[in-house]
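Report on the structure
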Amino acid sequence: MKRALFPGSFDPITLGHYDIIKRALDLFDEIVVAIGVNGDKNYMFTVEQRKEFIEKAFADEPKVKVTTYQGLTVDFCKEIDAQFILRGLRNPADFEFEKAIAHTNRKLSQIETVFLLTAARTSFISSSIVRDVIRNHGDYTVLVPESVRV
């Protein structure tokens, strides 16, 4: 079974994340969307809310599982027997950042990272932009899956 781990904070999940997961379904037998828990970060949404947003967005897709984890991503990959890490790239800065992480992960574990380019229509969306729009009472609903529209 080809299992990929798609790690992130997903605070909240965006249409960019959603698009990457949907497109990756053809590549993998299972995608585990893993919400990283970092006690040093201040999140807008609780881990339970973020998990529920993702589960509702993919309620009709049995190949998508949602969980949380702490610690190194490669350690969690080993724990769940994921052979791949899935990441989305929006721009060249994302690539440079993600490339360094991918090389480190490969050195630590031999786990391959698979990059998908975001769709042009979602390449400008980030969770931090969505949070800023929400904080300022803007219409964030055009940036997130329906499950986040609270």
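Starting afresh in each chain, residues are numbered from 1 along the sequence in its written order. Local features in a predicted model are, by the rule used here, given only for residues with pLDDT of at least 70; side-chain atom pairs are given and counted only at 80 or more, and totals for whole chains, interfaces and linings are based on all residues. With hydrogens and water set aside, each side-chain value is computed from the structure's full complement of heavy atoms.

The method works on a 1 Å grid over the protein atoms by themselves. A cavity is a set of points holding a 1.4 Å probe that cannot get out, a pocket is an open set with protein on both sides within 12 Å along at least five of seven lines, and residues with an atom within 4 Å of a point line them. Grid points are joined across faces, edges and corners, and a volume is the space filled by probe spheres set on the points. Counted as a void, the largest pocket has a volume near 940 Å³. P7, G8, R87, F97 and E98 are the residues nearest the centre of the largest pocket, which is lined by 38 residues in total. The way it works is that DSSP assigns letters per residue, a run of H or I at least four long becomes a helix, a run of E at least two long becomes a strand, and they are numbered from the N terminus. Those elements that provide at least two residues to the lining of the largest pocket are β1 (3-8), α1 (15-24), α3 (73-80), β4 (84-89), α4 (92-109) and α5 (127-135). The biggest single contributor to the lining of the largest pocket is α4, with eight residues. Its residues placed into classes, the lining of the largest pocket shows 15 nonpolar, 16 polar and seven charged. The space that makes up the second largest pocket amounts to roughly 200 Å³. Classification used: nonpolar for Ala, Val, Leu, Ile, Met, Phe, Trp, Tyr, Cys and Pro, charged for Asp, Glu, Lys and Arg, polar for all others including Gly.

Take the number of residues in a helix, subtract one, and multiply by 1.5 Å to get its expected span. Taking 1.5 Å as the rise per residue, α4 with 18 residues should run 26 Å; its terminal C-alpha atoms sit 25 Å apart, in good agreement. Three labels apply to residues, based on accessible area from a 1.4 Å probe with only protein chains included: buried if under 20% of the type maximum, exposed if over 50%, partly exposed otherwise in between. When we look at burial in α4, the residues that qualify are D94, E98, A102, N105 and S109. In this description, contact between two residues means that some pair of their heavy atoms is separated by no more than 4.5 Å. Buried residues in α4 make contact with α3, β4 and β5 (112-117). Under the rule applied, a polar contact is a pair of N or O atoms within 3.5 Å (in protein, one hydrogen donor and one hydrogen acceptor; residues adjacent in sequence only if both atoms are side-chain atoms). Where α4 begins, the side chain of N91 points an oxygen toward the backbone nitrogen of A93, at a separation of 3.1 Å. Of the residues trailing α4, Q110 is marked for its positive phi of about 70 degrees.

The biggest cluster of nonpolar side chains holds 28 residues, and the ones touching the most others in it are I13, I21, I31, V33, I54 and L86. The set of elements that each furnish at least two residues to this core consists of β1, α1, β2 (30-36), α2 (47-57), β3 (64-69) and α5. With residues near it in sequence (within four places) discarded, I31 still touches A4, F6, I21, A24, L25, K63, V64, K65 and L86. Definition of nonpolar core: a set of buried residues of the types Ala, Val, Leu, Ile, Met, Phe, Trp, Tyr and Cys, connected through side-chain atoms within 4.5 Å. Counting residues in each nonpolar core, the second largest holds ten residues, with F76, C77, A82 and I85 among its members.

Before going further, it helps to examine the UniProt feature "site: Transition state stabilizer" (unreviewed entry) in the chain. UniProt positions are given in the numbering used here, feature names are shortened, and annotations may be inferred rather than shown by experiment. Feature annotation in UniProt places "site: Transition state stabilizer" (unreviewed entry) on H17, given in this structure's numbering. With respect to the helices and strands, the residue H17 is situated in helix α1. Judged by relative accessible area, which is 19%, H17 ranks as buried. Residues contacting H17, with those up to four places away along its chain left out, are F6, F10, P12 and S127. In terms of polar contacts, H17 uses its side chain to reach the backbone amide nitrogen of T14, at 2.9 Å.

Before going further, it helps to examine the pattern of salt bridges. Any carboxyl oxygen of Asp or Glu that lies within 4 Å of a side-chain nitrogen of Lys or Arg is treated as forming a salt bridge with it. Following the criterion strictly, the structure yields ten salt bridges and no others. Measuring nitrogen to oxygen at the nearest pair gives 2.7 Å for the salt bridge that ties R23 to D19. Of this pair, R23 and D19 are both found in helix α1, four residues apart, which corresponds to roughly one turn of the helix. According to the relative accessible area criterion, R23 is partly exposed, its value standing at 33%. The network of salt bridges with common partners includes D19, R23 and R121.

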